[in-house]
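Structural features, examined
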Amino acid sequence: MNTSSIWKVAVATATLIIGVEAASAEKVLKLGTVGFKGMPIGDAIDQALIPTLNEVSGGKLTIEPHYRKSLCSEQTCGEQANQGLLQLWTSSTANFGNFGTSLAIFDLPYIFKSIEDADRISSEWLAKKQCDIAAEEAGHVCLTVYSSGGFRQLGNAHGPVHVPSDMEGIKWRVTKSPIEYTLIKNWGAVPVPYDWSQLYQGLQTGVVSGQYVATPWQHVAKLHEVAKYFTEIGGSWSGNQLSMDKRQYDALTDQEKEWLHTAAEAFGQKVQELDRNWVEAGETAIKADIEEWYVPSEDEMKLWRAGAIDAWINAKGTFDPATAERVLEEQGMTDFIAQLKEAGAL
């Protein structure tokens, strides 16, 4: 065979191979997230979501992750998914509220008593129930709900805080969250909207004296270096979600949907594990470097929960009361149910 013939055979063979590969080419799902490797969300994407999907699909369905807001931030990721510019996205459950109220129940203060209760109830039934609603109302198929940092806890540079009255008149940093503003105000402090990036300096100079932030994030920002008094009051759970634009989800085959849900379940389990470790490590480090880490008694916790009732009243219409009551009942929070019902919040 002459050189020309060999070349023609080689070209024909290459064309055939390319054709076969194209026929079985993978489908790539672009994922936008503010998470990054080195924190639970990013690590769980890298260690569980991506490899599990590759494994169960045999490489036919893969994920292309874009970390650290490189593609979009939380709300804009959801908007880009609606526009077909990406398929998967993550956000806090609060920012999912830009597309509907189906996940608002996760943001109710004291809906969960502990990280363990939040993980258990979310995994067993609540996430699926609310995600089914989201698929119909929000234009996004919520695949799983998980924590990013556990619960917010109080830290301050002023002095010991054991009950809400100890916060009276103290300037307390808040975000733009109406729920957080209501909580801080009802607990007696003076809510001061303040930028996260400036918070260390604000605590150091006394512009604000306290903050209500999830403990691992307080550790990352080294806030415990200037705020030496902490109070473990919980309340606001740091809920997050992984979703896919519904129109693009509906275009998947049944097999592809099954693969995606299997991977999302693995992701949810992994992020729970990593997040708990992250919270524990952050709290351990903070406790070793502060004056006081106070854990209120149950009677004192009733006072903290009482400050949350207005937030529940303000949120009426965004959650199903029967579902919320079931969540509280499963945690034995009968006293809080009574408080909410007496106030007309439930």
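One can find the structure itself at the top, above this paragraph.
Residues numbered from 1 in each chain as written. Predicted model: local features only at pLDDT ≥ 70, side-chain atom pairs only at ≥ 80, totals over all residues. Heavy atoms only, no water.

Notes on the pairing of strand β9 (residues 237-245)
Where a strand is regular, its side chains alternate between the two sheet faces. For β9, a buried count of nine out of nine residues is recorded, marking the element as mostly surrounded by other parts of the structure. Burial along β9 is two-sided: Trp237, Gly239, Gln241, Ser243 and Asp245 facing one way and Ser238, Asn240, Leu242 and Met244 facing the other are all buried. Here five bridges tie strand β3 (residues 88-92) to β9, and the two strands are oriented antiparallel to one another. Residue tryptophan 89 lies in a different strand from β9, and its bridge partner there is serine 243. Looking at chain direction, strand β4 (residues 140-156) and β9 are connected through eight bridges and run antiparallel. Within the sheet, the bridge partner assigned to phenylalanine 151 lies in β9 and is tryptophan 237. (Buried < 20%, exposed > 50% of the residue type's maximum accessible area, 1.4 Å probe, protein only. Helix = DSSP H or I, 4+ residues; strand = E, 2+ residues; numbered from the N terminus. Pairing = 2+ DSSP bridges.)

Side note on the state of the cysteines
Inspection of every chain in the model, using the stated rule, returns two disulfides. Between the sulfur of cysteine 72 and that of cysteine 77 lies a disulfide, 1.9 Å long from S to S. Looking along the S-S bond of the cysteine 72-cysteine 77 disulfide, the torsion reads about 95 degrees, which is the right-handed sense. For the pair formed by cysteine 72 and cysteine 77, the shared burial category is buried. A sulfur-sulfur distance of 2.1 Å marks the disulfide that ties cysteine 131 to cysteine 142. With cysteine 131 in helix α5 (residues 115-137) and cysteine 142 in strand β4, this pair connects stretches of sequence that are 11 residues apart. On the basis of relative accessible area, cysteine 142 is assigned to the buried category, the value being 5%. With cysteine numbering restricted to those in disulfides and following the sequence, the protein has the pairing 1-2, 3-4. (Disulfide = S-S within 2.5 Å.)

Structural notes on the packing of helix α11 (residues 298-306) against helix α14 (residues 334-342)
Put simply, α11 and α14 touch, their axes get as near as 11 Å, and they point 35 degrees apart. Our pair here, α11 against α14, has a crossing hand that is right-handed. Where α11 approaches α14, its residues Lys302, Arg305 and Ala306 are matched on the opposing element by Asp335, Phe336 and Gln339. Classifying every residue of the contact of α11 with α14 gives two nonpolar, one polar and three charged. (Axes fitted to C-alpha atoms, helices over the stretch in contact; angles between N-to-C directions. Left-handed = near helix turned anticlockwise from the far one by under 90°. Contact = heavy atoms within 4.5 Å. Nonpolar A, V, L, I, M, F, W, Y, C, P; charged D, E, K, R; others polar.)

By themselves these figures say nothing about function.
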